[in-house]
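Geometric and topological summary
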Amino acid sequence: VQLQASGGGLVQAGDSLTLSCVVSGGTFSPNVMGWFRQAPGNERQFVAGIRLTATRTNYADSVKGRFTISRDNRENTAYLQMNSLKPEDTAVYYCAASRTQTMFVSKDPASYDFWGQGTLVTVSS
């Protein structure tokens, strides 16, 4: 299974950006898709996640109300719509996928089986 993240770039504070993550090479649709980010010198942190049926989502407190995660199961793609971006959102964003059949959207990176290569988001002030 391969995950390909894209959509990063350089934007100004207050701007919007949409990240995409395409899943390929597998015979199943991941139960949970997630986005994580890692800024220089920091640990990888959870941003948002969504279940296969899109009936449950989970967000980090720092992005609630600004970011929206969604997925298109027919296209095996997850999206992260980021609005009102702040300089502290600057990081490499990674998408991840979990096969685990669970009702919950985990914030723990160890719960995810597959990872994309990351896409850089830079927000200038």
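Residues numbered from 1 in each chain as written. Predicted model: local features only at pLDDT ≥ 70, side-chain atom pairs only at ≥ 80, totals over all residues. Heavy atoms only, no water.

In this section: the pattern of salt bridges. The tally for this structure, following the rule as stated, stands at five salt bridges. When the shortest N-O distance is used, the salt bridge between Arg37 and Asp89 registers 2.9 Å. Highlighted residues: Arg37 in strand E4 (residues 32–38) and Asp89 in the loop between strand E8 (77–82) and strand E9 (91–98), separated in sequence by 52 residues. The exposure class assigned to Arg37 is buried, which follows from its relative accessible area of 6%. Relative accessible area serves as the criterion here: at 1%, Asp89 is assigned to the buried category. In this structure, Lys64 and Asp61 form a salt bridge, with 3.2 Å as the shortest nitrogen-oxygen distance. On the accessibility criterion, Asp61 (61% relative accessible area) is exposed. Through salt bridges with shared partners, a single network forms among Arg37, Arg66 and Asp89. (Salt bridge = Lys/Arg side-chain N within 4 Å of Asp/Glu carboxyl O. Helix = DSSP H or I, 4+ residues; strand = E, 2+ residues; numbered from the N terminus. Buried < 20%, exposed > 50% of the residue type's maximum accessible area, 1.4 Å probe, protein only.)

Each aromatic ring pair is summarised here by two numbers: the centre-to-centre distance and the angle between the ring planes. Tallying each qualifying case throughout the model produces four aromatic pairs. On the numbers, 5.5 Å between centres and 80 degrees between planes, the contact of Phe36 with Phe46 is edge-to-face. Residue Phe36 is found in strand E4, and its partner Phe46 is found in strand E5 (residues 45–51); the two are separated by ten residues along the sequence. Grouping residues by exposure puts Phe36 and Phe46 together as buried. Cluster of aromatic residues (ring-pair linked, three or more members): Phe36, Phe46, Tyr112 and Trp115. (Phe/Tyr/Trp six-rings, centres within 6.5 Å; stacked < 30°, edge-to-face > 60°.)

Glancing now at the sheet that holds strand E7 (residues 67–72). On the basis of which strands lie adjacent, the open sheet formed by four strands has the order E1-E3-E8-E7 and antiparallel pairing. A single partner strand is all that each edge strand has here, and the edge strands are strand E1 (2–6) and E7. Here the average twist between neighbouring strands, direction ignored, is 15 degrees. The pairing of strand E3 (residues 17–24) with E8 spans six bridges and is antiparallel. Within E8, the residue paired with Ser20 across the bridge is Tyr79. (Pairing = 2+ DSSP bridges. Axes fitted to C-alpha atoms, helices over the stretch in contact; angles between N-to-C directions.)

Along the chain, Thr119 falls in strand E11 (residues 119–124). Ignoring any residue separated from it by four or fewer positions in sequence, one finds Thr119 in contact with Ala5, Ser6, Gly7, Gly8, Leu19, Ala91, Val92 and Tyr93. (Contact = heavy atoms within 4.5 Å.)

Take the nonpolar core next. Ranked by internal contacts, the top residues of the largest apolar core, which has 29 residues, are Trp35, Leu80, Met82 and Tyr93. Contributing elements (two or more residues each) for this core: E1, E3, E4, E5, E7, E8, E9 and E11. Sequence-distant contacts of Met82, defined by excluding residues within four places in its chain, comprise Asp15, Ser16, Leu17, Leu19, Arg66, Phe67, Tyr93 and Val121. Grouped together as the second largest cluster of nonpolar side chains are six residues, Val32, Phe36, Phe46 and Val105 included. (Core = buried A, V, L, I, M, F, W, Y, C linked by side-chain atoms within 4.5 Å.)

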